[in-house]
Amino acid sequence: MIRATVVGGAGYAGGEVLRLLAGHPEVEVVQVTSERLAGKPVAATHPPLRGRTELRFSSRDALRDADVVFATMGHGESSGAIDRLRAAAPVLIDLGADFRLRAAEDYPRWYGWEHPRPELLPGAVYGLAETHRAEIASAPLIATGGCLATASILGLAPLASAGLLDPELPLVVEAKVGSSAAGAQSGDATHHAHRSGEIRSYAPTGHRHTAEIAQELHLCPGAQVAFSATAVEAVRGVLITAHAFLNADLDDRDLWQVYRSRYGAEPFVRIVKSRTGLHRSPSPKLLTGTNYCDVGFERDPHSRRVVVTAALDNLVKGSAGQAVQACNLRHGFPETLGLEFSGLYPI
């Protein structure tokens, strides 16, 4: 049994970490912090924890020793508090953006701020088990990926790692995401009157997850990622549609082999590609509350274009579930421990 602290645990990602760990047989949550809600019961903010925890939020200034800290803070916060967080536990899993990118110069470009601790970036491990499993197993600092980036990377990694992407043509990715990705604090963009019935392109260009996608797919120098993000009327869920252009004339059978060879043994990535039935391609709704990413593809018979789709729950595989999966790997537990929920249908 290991002891876990969740820092900044009042938000959606923090609540999802707590929900998952409440059913984890090898992890005990010993502290949850929130500067805004210090002294208040954790279950009052996160109703799924009613009857499952007696913990109250405490201040980050009173961090106690633990075996792992999950930092579920706002972007830009964990890097400023990194020494205090790392002093509390030998393993830090950061769900924010502060340590996702390896190059310090990418932060002013994509996030608009200078990184306060650039010397730590080379030692941080990107927390996606499907691409960094061996590194996560011994890493003291793990940075989980963004939800849109995670879906894009998992959808396209088989093609990229096999060297099948045409570097002369852009990799075009369009992502649709539910409102919970904006976080628990309300604002104009999440106000019901503005969000209800909405399909809004909120980042047609310049989305910060573009940098993660290019970094983690190890694209050739000069290769372009044309990424756009659209807000849709859903609470949870991500669906990416990527247009990838191949450098070889592969048919559907060849693509099946590429994807099966990459994901055949992965516990949380499923290839969804059926000829018949209602659910022939990945659907975020079916993944609500699960740690799965469903991936599909379709070859354009008129060109070398492959349309890749990938779906996940932004709060689980796109955030908290990815973090718990990384925690399992780091501490030698079965990778699926605490993440076995397979979803509900219909929902």
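Residues numbered from 1 in each chain as written. Predicted model: local features only at pLDDT ≥ 70, side-chain atom pairs only at ≥ 80, totals over all residues. Heavy atoms only, no water.

Asker: Would you mind going over a nonpolar patch on the surface with me for this structure?
Answerer: Together, Phe 341, Leu 344 and Ile 347 make up a nonpolar patch on the protein surface, roughly 270 Å² of accessible area in all. With respect to the secondary-structure elements, Ile 347 resides in the segment after α10 (316-330). When its relative accessible area of 42% is taken as the criterion, Ile 347 is described as partly exposed. (Patch = residues over 30% accessible without salt bridge, like charges linked within 9 Å, V, L, I, M, F, W, Y side chains within 5 Å. Areas by Shrake-Rupley, 256 points an atom, 1.4 Å probe, with all protein chains shown as cover. Salt bridge = Lys/Arg side-chain N within 4 Å of Asp/Glu carboxyl O. Helix = DSSP H or I, 4+ residues; strand = E, 2+ residues; numbered from the N terminus. Buried < 20%, exposed > 50% of the residue type's maximum accessible area, 1.4 Å probe, protein only.)

Asker: How should I be thinking about the packing of aromatic side chains in this particular structure?
Answerer: On inspection of all chains with the given rule, the structure shows six aromatic pairs. Where Tyr 107 meets Trp 113, the ring centres are 5.1 Å apart and the plane angle is 35 degrees; that geometry is what we call tilted. Their ring planes at 50 degrees and their centres at 6.0 Å tell us that Tyr 111 and Trp 113 sit as a pair that is tilted. For Tyr 111, a relative accessible area of 9% corresponds to the buried category. Site record: aromatic cluster; members linked through ring pairs are Tyr 107, Tyr 111 and Trp 113. Its end group placed over the ring of Tyr 292, Arg 270 keeps NZ or CZ at 4.1 Å from the ring centre. (Phe/Tyr/Trp six-rings, centres within 6.5 Å; stacked < 30°, edge-to-face > 60°. Lys NZ or Arg CZ within 6 Å of the ring centre and 35° of its normal.)

Asker: Any chance you could explain the environment of Phe 227 here in plain terms?
Answerer: As for its position among the elements, Phe 227 is in strand β10 (residues 225-232). Linking Phe 227 and Val 308, residues 81 residues apart in sequence, is a C-alpha distance of 14 Å. Not counting chain neighbours up to four residues away, the residues in contact with Phe 227 comprise Leu 148, Ser 152, Val 173, Ala 175, Ala 203, Pro 204, Thr 205, His 207, Thr 210 and Ile 213. (Contact = heavy atoms within 4.5 Å.)

Asker: Please explain the sheet that holds strand β6 (residues 125-126) as it appears in this structure.
Answerer: The pairing of strands in a sheet comes from backbone hydrogen bonds and takes either a parallel or an antiparallel form. Strands sit in the order β3-β2-β1-β4-β5-β7-β6 across an open sheet of seven strands; the sheet is parallel. In this open sheet, the two strands that pair with only one neighbour each are β3 (57-58) and β6. In this structure, strand β2 (residues 27-33) lies alongside β3, joined through two bridges in parallel fashion. Of the residues in β3, the one forming a bridge with Thr 33 is Ser 58. Of the strands in this sheet, β1 (2-7), β4 (68-71), β5 (91-94) and β7 (141-143) are in contact with α10, which crosses β4 at around 160 degrees. (Pairing = 2+ DSSP bridges. Axes fitted to C-alpha atoms, helices over the stretch in contact; angles between N-to-C directions.)

Asker: Would you take a moment to explain the sheet that holds strand β11 (residues 238-245) for this structure?
Answerer: Taken in spatial order, the seven strands make up an open sheet running β9-β10-β8-β11-β14-β13-β12, and their pairing is mixed. Whereas interior strands pair on both sides, the edge strands pair on one side only; in this sheet they are β9 (199-203) and β12 (269-271). Across this sheet, the average inter-strand angle for adjacent strands is 20 degrees, counted without regard to direction. Pairing of β9 with β10 involves four bridges; the strand directions are antiparallel. Each residue of the ladder has a partner; that of Arg 200, found in β10, is Ala 231.

Asker: Is there a simple way to explain the layout of surface pockets in this structure?
Answerer: A probe matching the size of a water molecule, rolled over the atoms, marks out where space remains unfilled. Its volume calculated, the largest pocket comes out at about 1200 Å³. In terms of lining, the largest pocket is formed by 48 residues, of which the most central are Met 73, His 75, Ala 181, Ala 182 and Gly 183. Residues of the lining of the largest pocket, tallied by class, amount to 16 nonpolar, 24 polar and eight charged. Taken as a whole, the second largest pocket spans an internal volume of roughly 310 Å³. Every residue lining the second largest pocket is counted, 14 residues in all, and those nearest its centre are Lys 273, Ser 274, Arg 280, Phe 297 and Glu 298. (1 Å grid on protein atoms, 1.4 Å probe; cavity = no way out; pocket = protein on both sides within 12 Å on 5 of 7 lines; lining within 4 Å. Points joined across faces, edges and corners; volume = space filled by probe spheres on them. Nonpolar A, V, L, I, M, F, W, Y, C, P; charged D, E, K, R; others polar.)

Asker: Can you walk me through the nonpolar core in this structure?
Answerer: In summary, soluble globular proteins display a tendency toward joint burial of nonpolar side chains. Counting residues in hydrophobic clusters, the biggest one holds 44 residues, and the most contacted among them are Leu 156, Leu 159, Leu 217 and Val 308. At the level of secondary structure, the elements contributing two or more residues to this core comprise α6 (147-161), β8 (171-177), β10, β11, α9 (252-263), β13 (293-299) and β14 (305-312). Take this core: its biggest share by element is ten residues, from α6. Those residues in contact with Leu 217, other than ones at most four positions away along the chain, are Ile 153, Leu 156, Ala 157, Ala 160 and Leu 171. Of all hydrophobic cores here, the second largest spans 40 residues; its members include Leu 18, Val 32, Ile 93 and Val 316. (Core = buried A, V, L, I, M, F, W, Y, C linked by side-chain atoms within 4.5 Å.)

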